[in-house]
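So the chains spell out like this:
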Amino acid sequence: MAHASVGCTSAFVALASVNFDRLVSFYSDLLNQPAQPYQRDRYAEFRLPGLRLAIFKPNPDQTSQFAAPSSGAMSLCLEVTDLERAIAHLTQLGYAPPGPGLTASHGREIYAYDPDGNRLILHQSSAARG
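All of these numbers come straight from a predicted model, not from anything done at the bench.

1. Thoughts on the sheet that holds strand β7 (residues 107-113)
Argument step 1. Taking strand neighbours across the sheet as the criterion, the four strands line up as β5-β8-β7-β6 in an open arrangement whose pairing is mixed. The two strands at the open ends of the sheet, each matched to only one other strand, are β5 (76-79) and β6 (102-104). The mean angle between the axes of side-by-side strands here comes to 25 degrees, regardless of whether they run parallel or antiparallel.
Argument step 2. By the bridge criterion, three bridges tie β6 to β7 in an arrangement that is antiparallel. Following the sheet pairing, T103 is matched in β7 by R108.

2. Quick look at the packing of aromatic side chains
Argument step 1. Tallied over the full model, the rule gives three aromatic pairs.
Argument step 2. Three or more aromatic residues joined by ring pairs form one cluster here, namely F26, Y27 and Y95.

3. Details of a nonpolar patch on the surface
Argument step 1. On the surface, L102, Y111 and Y113 cluster together to form a nonpolar patch covering roughly 250 Å² of accessible area.
Argument step 2. Within the element layout of this structure, L102 appears in strand β6.
Argument step 3. A relative accessible area of 40% means that L102 is categorised as partly exposed.

4. Some details on helix α3 (residues 83-92)
Argument step 1. Considered for burial, the residues of α3 that qualify are L83, A86, I87 and L90. End-on, the buried residues of α3 take up no more than an arc of 100 degrees, which puts them together on one face. Exposed side chains of α3 directed beyond 90 degrees from the buried face belong to R85 and Q92.
Argument step 2. Buried residues along α3 sit in contact with α1 (20-31), β7 and β8 (119-125).
Argument step 3. One side-chain oxygen at the N-terminal end of α3 lies 3.2 Å from the backbone nitrogen of E84; it belongs to D82.
Argument step 4. One or two residues past the end of α3 sits G94, with phi positive at roughly 95 degrees.

5. Side note on the pairing of strand β4 (residues 51-56)
Argument step 1. The pairing of strand β1 (residues 13-16) with β4 spans four bridges and is classified as parallel. Bridging across to β4, V13 finds its partner in L53.
Argument step 2. As judged from the six bridges shared by strand β3 (residues 43-48) and β4, these two strands associate in the antiparallel manner. Of the residues in β4, the one forming a bridge with A44 is I55.

6. Quick look at the environment of L90
Argument step 1. Topologically, L90 is positioned in helix α3.
Argument step 2. L90 sits in the buried class, given a relative accessible area of 0%.
Argument step 3. The spatial distance from the C-alpha of L90 to the C-alpha of L30 is 7.1 Å, given a sequence separation of 60 residues.
Argument step 4. If near-sequence neighbours (up to four positions away) are discounted, L90 is found in contact with F26, L30, Y95, A96, P97, A112, L120 and L122.

So, how was this worked out
- Residues numbered from 1 in each chain as written.
- Predicted model: local features only at pLDDT ≥ 70, side-chain atom pairs only at ≥ 80, totals over all residues.
- Heavy atoms only, no water.
- Pairing = 2+ DSSP bridges.
- Helix = DSSP H or I, 4+ residues; strand = E, 2+ residues; numbered from the N terminus.
- Axes fitted to C-alpha atoms, helices over the stretch in contact; angles between N-to-C directions.
- Phe/Tyr/Trp six-rings, centres within 6.5 Å; stacked < 30°, edge-to-face > 60°.
- Patch = residues over 30% accessible without salt bridge, like charges linked within 9 Å, V, L, I, M, F, W, Y side chains within 5 Å.
- Areas by Shrake-Rupley, 256 points an atom, 1.4 Å probe, with all protein chains shown as cover.
- Salt bridge = Lys/Arg side-chain N within 4 Å of Asp/Glu carboxyl O.
- Buried < 20%, exposed > 50% of the residue type's maximum accessible area, 1.4 Å probe, protein only.
- Arc of directions from axis to C-beta.
- Contact = heavy atoms within 4.5 Å.
- Polar contact = N/O pair within 3.5 Å; in protein donor to acceptor, adjacent residues only side chain to side chain.

So this is what it looks like as structure tokens:
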């Protein structure tokens, strides 16, 4: 029996935010790139290696669908070449990681949060360390 598929041609992560401008500014500063495409007060997109990150402002009648008290199980994971430099950059932006870094067999990582409370995991692989 053949299995049907959804016909997916690409995938991306989308973050809904009523604080659209603040979140777009944070990711623009964090990733050191402007949003492209960008629609004022509506939609912004950042292109990363292997991922598109979209930010959108939900319609007023839909905001409750996107209001989450925490990130739950979902995290935006960013592989970095220099974890200490990434921590310093987050701290400079005003979003210092709230706890110590972790070391595992696959490398080092730190948990941080964007202005809306979405969890970020910044990871430096063991191979990337000098």
